[in-house]
Amino acid sequence: MTAARRDPDLGAGRQPTGRRAWSASAVTGVGRLARARLRRATRPAPFPWGAPTWPGTVARPVPSSGLGDEYDTAWARRYPVRLARAMVTDNLTRPAVHLLASPLVRGAELLDMAEAPVVIVANHTSHLDTPLLLSVLPDRIRHRTVVAAAADHFFDRRWKAHLWAGLLGAIPLERNRVSRRSVDEATALVEDGWSLLIFPEGGRSPDGWQQELHRAASLPAARTGRPVIPVHLAGTHRILPKGGTRVRRARTTVVVGAPLYPEDGEDARHLSARLETALATLAAESRTDWWTARRQAAAGTTVQDARGPDASPWRRAWALGGTPAAWTGEHDSSSAHGDGDPRRWAVRRD
Amino acid sequence: MSPRPGYVLEVDRSTPPTLFWHGEGYRLERLPQGSRVVYAPEPIEPLADPVAAVRHALDHPLGDSQPLRSLLRPGMRLTIAFDDVSLPLPPMRRPDNRQLVIEQVLDLAAEAGVDDVVLIAALALHRRMTEAELRHALGDRIYDAFAPHGLLRQHDAEDPSELVHLGTTDQGEDVELSRRAAESDLLVYVNINLVAMDGGHKSVATGLASYRSLRHHHNAHTMRHSRSFMDQHRSELHSSNWRMGRLIAASGVRVFQIETTLNNDAFPEQFRFLQRREWEWSARDRAAFVASSAALARTPARLARSVLHGIAGPHRMTSVQAGEVEAVHAVTTGHVHAQQLVEVDGQSDVLTMGLPYISPYNVNSIMNPILVACLGLGYFFNLYRGRPLVREGGVLIMSHPTRKAFHPGHHPSYIDFYEEILAETTDPAEIHKWEEAFATDPWYVHLYRTGHAYHGVHPFYMWYWCAHALDHLGAVVVVGGEPSTVRRLGFRPASTLADALEIAADVVGPSPSVTHLHAPPLMIADVR
């Protein structure tokens, strides 16, 4: 909180004047400057000043020293670590997330009914998505869930790998190529009774719109035959967008879809296509309502709508900004449900 | 470790920015995700002992030719022709392949007691080489032994007394050659095959020919039907040269062809980042890039040009073949392909390329706007086999400053071509009507014969060279070029690559597929 906001004179529409106003703005400016300098000092230098990043589409010639998708996360699933993680998640992460994101959950009963292990897939727009999603899962699933995290981002340094494996139960997943190792590990964990949380877009959406799904994300479900629960998260983009450094409070909506069961002999590609439609339908539901979303799905325009208009970046951002219900939770009173109160059919997971 | 073959990278979010040449400098540009970047194969191992390899090739010729030593005898007329300054690029470190080969040929001639030996630089309609350039190509020993006695000559395509008409092909093409070469008992031609287009019958039929002969294959029609110049079997340019070459052989001219190939180790150690894949750049590569690109950006163009043209490539000989022209050329082409072929799946909507400071026609000179067009549309566009890298109706994006700057000594007719002809039309077929006037202009002829000027007709040939690309493409965009100059060429200017891609999207539709040709080093995209 800035000095200006702590000043009691600033409440109730009163503005500071004279020397006080000058000193408040000066303190604010110094704070910003210090933060900017700190950010600059800690941020790795961009190429060519810093080392180049390695394209995900190119195999590394020399295996890295136990990092990336080679990082062994077995230690993070031992009982003492799970206990410590559960304590942190339940007592610190969940309250913090609820304070920050005020999640409104639609279809929570579907999570309650789900028979673990399940594969939970969600759209991805913010680093907050993982803690938010973990915080709305029922206890019996939450405490036995692993999170598929980008091997090249969360497991590229040893300290990061230890942190995310321990804190979130993360496992590394190659997002830019199909990696037998990471898919095999995820599949083995599902077969071993662990639920898997995965973001099949392979990374956070740069602008909030849904991206194409990676086929590899459907492989564990297709191989094990376990149900896939699609979940759409709306609003986290406002709290901490991709590339953002400041966290802001906002309301979020979590829409849970009906589980998808892999059919006999169904391959990952087909399952991925079904999943994309399901996520897009949930996105439409989060913007409108269940019935309107179903009608759009029947018309076959849902997936394209979820990916946003094929236009320049500003127009995509503009179109995204035109869906206030999705980002603020303040639903349109003229919705198909008549009374306009979304809480009539949604619950808060407090 | 054996050199790695060429590589087609698919750009993703982790891909570092890609190097683009930009005239006398280079930049890092971020390509859209999903774009492809085509990298040349790494340099293959050179010959461990090129002198021994040359001697072996001369003693074990290909085809129906006898060993060179058995073709040499006292009292014969021996002419040794060699490629001019346009090859290789960048000029190679001494000793040049030409020196290595010609010294061996002269050794054999001396052993055989041949007195009448003349060396001819096969210029065709290119500019005459300077003494420094000749010394660089041939070495001081050869230059000092032959030049003072007038035995080191440069082909003069405008000297009627030095030309002889050998006849016409079955397609009605005149074949007019250097008299000295045609009337010698043996013509030895020494090649540097930098790309698959070089060599074969094209060496003699083009390098030692006159305008009367060259006009049959250096025209818009031939160029449009050469798809590409790098694929001899689908190139009308080569078909015409092969007809002429066979007529030359049938006329009794005995040609002993010596062809050499180079690896694509084009840049010295301090510039090695230019031929490395960006994600493999070491701290030293990055420091070299940052320092050199910043220095070049702050250096006047003239000085930057001088620095860059001073670079001698460390490329070295990878093979040498000698004997009958067609048999030699078939083997040579295989060696070129072994170094340069890169398999690429399918075409894209947009092809991007960064154009460097040098082309075959501006060695130690200025890359004027017409040569920019020729390098991009004539050479780089044609670096394919099978199908072009960009689909028909697609867009070519070139990065080059494209300044309205000409070397008045080297390219005098280019200036008039730019001001008068391109102001009227940029259609290669239409400019033909002015060709004769430029080709026979006495002032241009005088400058070509006595100075260091390209022939008056040469800018027309450069524009014909673009004909296939102009026919094929929906638009050409130049990033970072002078807008007025770019428009004069008939292309579209763009300030940034992002702008260029937006312009391209207007032509080919939204979200186009993009391929970037990461050249030089040179490669041939084998597009399936």
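Each chain has its residues counted from 1, running along the sequence as written. Chains and ligands are labelled sequentially in the order written, the chains with letters from A and the ligands with numbers from 1. In keeping with the model being predicted, local features are shown solely for residues with a pLDDT of at least 70 and side-chain atom pairs are shown and tallied solely at 80 or more, while totals for entire chains, interfaces and linings include all residues.

1. Details of the overall build of chain A
Counted only if it meets this: Each helix is a run of H or I in the DSSP string that is no shorter than four residues. Each strand is a run of E no shorter than two, and both are numbered from the N terminus. By the convention adopted here, residues make contact when the C-beta atoms placed from their backbones lie within 7 Å.
When you go through chain A residue by residue, the secondary structure sums to 16 helices and eight strands. At a minimum sequence separation of 6, the contacts of chain A that also span at least 24 residues come to 73%.

2. Focus on the overall build of chain B
Using the following cut-off: The exposure scheme places C-beta atoms from the backbone and then counts, for each residue, the other C-beta atoms within 10 Å of its own, assigning buried at 20 or more, exposed at 12 or fewer, and partly exposed in between.
On a plain count of helices and strands, chain B comes out with 21 helices and 20 strands. With 528 residues in all, chain B has 57% of them scored as buried. Taking all contacts inside chain B whose residues are at least 6 apart in sequence as the whole, residues at least 24 apart take part in 80%.

3. Concerning the interface of chain A and chain B
When the parts of a complex come together, some accessible area is lost, and that lost area is often taken as the interface size. The criterion, for reference: The residue classification treats Ala, Val, Leu, Ile, Met, Phe, Trp, Tyr, Cys and Pro as nonpolar and Asp, Glu, Lys and Arg as charged. All others, Gly included, are polar.
Counting from both sides, the interface comprises 14 residues of chain A and, opposite them, 17 residues of chain B. Here the side of chain A that touches chain B is composed, by residue class, of seven nonpolar, five polar and two charged.

4. As for the environment of Leu-196 of chain A
Residue and element names in this part refer to chain A. Within the secondary structure, Leu-196 sits in strand E5 (residues 195-198). As a C-alpha pair, Leu-196 and Ala-170 span 26 residues in sequence and 9.6 Å in three-dimensional space. Apart from residues lying up to four places away in sequence, Leu-196 is in contact with Val-119, Val-146, Ala-148, Ala-186, Leu-189, Val-190 and Pro-220.

5. Overview of the sheet that holds strand E20 (residues 524-527) of chain B
Residues and elements named next belong to chain B. Operational definition: At least two DSSP bridges between two strands are needed for those strands to be called paired.
Read from one edge to the other, the open sheet built from three strands follows the order E13-E20-E15, with strand pairing classed as parallel. Bordering the open sheet on either side are strand E13 (341-344) and strand E15 (384-385), each of which pairs with just one other strand. Pairing between E15 and E20: two bridges, direction parallel. Bridge assignment links Arg-385 to a residue of E20, and that residue is Asp-526.

6. Concerning the pairing of strand E11 (residues 255-262) of chain B
Residues and elements named next belong to chain B. When you tally the buried positions in E11, you get eight out of eight residues, the bulk of the element. Here E11 shows no split at all, with Val-255, Gln-257, Glu-259 and Thr-261 on one side and Phe-256, Ile-258, Thr-260 and Leu-262 on the other all buried. Strand direction decides the pairing type here: E11 and strand E12 (residues 317-323), joined by six bridges, are antiparallel. From the neighbouring strand, Ile-258 faces E12, where its bridge partner is Ala-322.

7. What about the environment of Thr-187 of chain A?
All names here are of chain A. If you trace the backbone, Thr-187 turns up in helix H9 (residues 180-191). Looking at Thr-187, the number of C-beta atoms within 10 Å reads 18, which means it is partly exposed. Taking the C-alpha atoms as reference points, Thr-187 and Pro-220, 33 residues apart in sequence, are found 4.5 Å from one another. Each residue touching Thr-187, except ones within four places of it in the same chain, is listed here: Leu-219, Pro-220, Arg-223 and Thr-224.

8. Quick word on helix H3 (residues 79-101) of chain A
Two residues of an α-helix separated by three or four positions point the same way, owing to the 3.6 residues in each turn. All names here are of chain A. Defined as follows: Bend at a residue means the angle formed by two fitted axes: the first through the 7 residues ending at that position, the second through the 7 residues beginning there.
At Thr-89, H3 shows its largest bend, some 40°. Residues of H3 that are buried include every one of Arg-85, Thr-89, Val-97 and Ala-101, and no others. Two residues or fewer after H3 comes Ser-102, characterised by a positive phi angle close to 40°.

9. Remarks on the sheet that holds strand E5 (residues 77-83) of chain B
Residue and element names in this part refer to chain B. Rules: Lines are fitted to the C-alpha atoms to define the axes, a helix being fitted only along its stretch in contact, and any angle between axes, read from their N-to-C directions, falls within 0 to 180 degrees.
In spatial order, the strands read E7-E6-E5-E10-E11-E12; together these six strands make up an open sheet with mixed pairing. The two strands at the open ends of the sheet, each matched to only one other strand, are strand E7 (152-154) and E12. Strand-to-strand twist of the sheet, defined as the mean angle between neighbouring strand axes without regard to direction, takes the value 20°. Across seven bridges, E5 lies against strand E6 (residues 116-122) in parallel orientation. Each bridged residue has a counterpart across the sheet, and for Arg-77 the counterpart in E6 is Asp-116. On top of the sheet, helix H1 (residues 50-59) reaches E11 and E12; it is set at about 20° to E12, its chief contact.

10. Brief notes about the confidence of the model for chain B
This is how it is decided: pLDDT gives the predictor's per-residue confidence on a scale running from 0 to 100.
Model confidence for chain B is summarised by a mean pLDDT of 96, while 100% of its residues fall at 70 or above. Taken together, the chains of this predicted complex give a pTM of 0.69 and an interface ipTM of 0.82.

11. Focus on the nonpolar core
In summary, soluble globular proteins display a tendency toward joint burial of nonpolar side chains. Using the following cut-off: A set of buried residues drawn from Ala, Val, Leu, Ile, Met, Phe, Trp, Tyr and Cys, joined through C-beta atoms within 7 Å, is what defines a nonpolar core.
By size, the foremost hydrophobic cluster in this structure holds 163 residues, and its most contacted members are Ile-80, Cys-374, Leu-383, Leu-396, Val-477 and Ala-525 of chain B. For this core, the element with the highest residue contribution is helix H14 (residues 369-380) of chain B, accounting for nine residues. Setting aside residues no more than four positions away along its own chain, Val-477 of chain B makes contact with Val-395, Ile-397, Phe-491, Arg-492, Ala-494, Ala-500, Ile-503 and Ala-504 of chain B. Counting 72 residues, the second largest nonpolar core, distinct from the first, contains Val-105, Ala-122, Ala-161 and Val-303 of chain A.

12. Examining unusual backbone geometry
All names here are of chain A. Backbone torsion omega between Phe-47 and Pro-48 reads 10°, so that peptide bond is classified as cis. One non-glycine residue, Ser-102, adopts positive backbone phi at about 40°. With respect to the helices and strands, the residue Ser-102 is situated in the loop between H3 and strand E1 (103-106).

13. Comments concerning the confidence of the model for chain A
Residues and elements named next belong to chain A. Residues of chain A with pLDDT of at least 70 account for 80%, and the chain-wide mean is 78. In the predicted structure, residues 1-13 sits below a pLDDT of 50 and forms 16 contacts with residues beyond four places in sequence or in another chain. Confidence drops under pLDDT 50 across residues 322-350; counting only partners more than four residues distant or on other chains, this segment forms 47 contacts.

14. Digging into the packing of H14 of chain B against helix H18 (residues 458-465) of chain B
Residue and element names in this part refer to chain B. What counts here: Handedness of a helix crossing follows the sense of rotation of the near helix relative to the far helix, less than a right angle counterclockwise being left-handed and clockwise being right-handed.
Relative orientation of the contacting elements H14 and H18 amounts to 30°, with a least axis distance of 8 Å. The two elements H14 and H18 meet at a crossing, and its hand is left-handed. Two secondary-structure elements touch here, H14 through Ile-370, Leu-371, Cys-374 and Gly-378 and H18 through Pro-459, Met-462, Trp-463 and Trp-465. In terms of residue class, the contact of H14 with H18 is built from seven nonpolar, one polar and no charged.

15. Some words on the pairing of strand E2 (residues 18-21) of chain B
In the case of a regular strand, side chains alternate between the two sheet surfaces. Residue and element names in this part refer to chain B. The alternating pattern of E2 places Thr-18 and Phe-20 on one face and Leu-19 and Trp-21 on the opposite face, and all of these are buried. Across four bridges, the pairing between E2 and strand E3 (residues 26-29) is antiparallel. Directly across from Trp-21, in E3, lies its bridge partner Tyr-26. Counting the residues between successive antiparallel strands, the hairpin from E2 to E3 contains four residues, one of them, Gly-23, with a positive phi of roughly 65°.

16. So, the packing of H1 of chain B against helix H3 (residues 97-112) of chain B
Residue and element names in this part refer to chain B. Rules: When describing relative orientation, an angle under 35 degrees is termed roughly parallel and one over 145 degrees roughly antiparallel, while 65 to 115 degrees is termed roughly perpendicular and anything else oblique.
It is at 10 Å that the axes of H1 and H3 come closest, and there the two elements cross at 50°. Taken together, the axes of H1 and H3 are oblique relative to one another. The crossing of H1 and H3 is right-handed. The segment H1 lies against H3, with Pro-50, Val-51, Val-54, Arg-55 and Leu-58 engaging Leu-100, Val-101, Gln-104 and Leu-108. Counted by class, the contact of H1 with H3 contains seven nonpolar, one polar and one charged residues.

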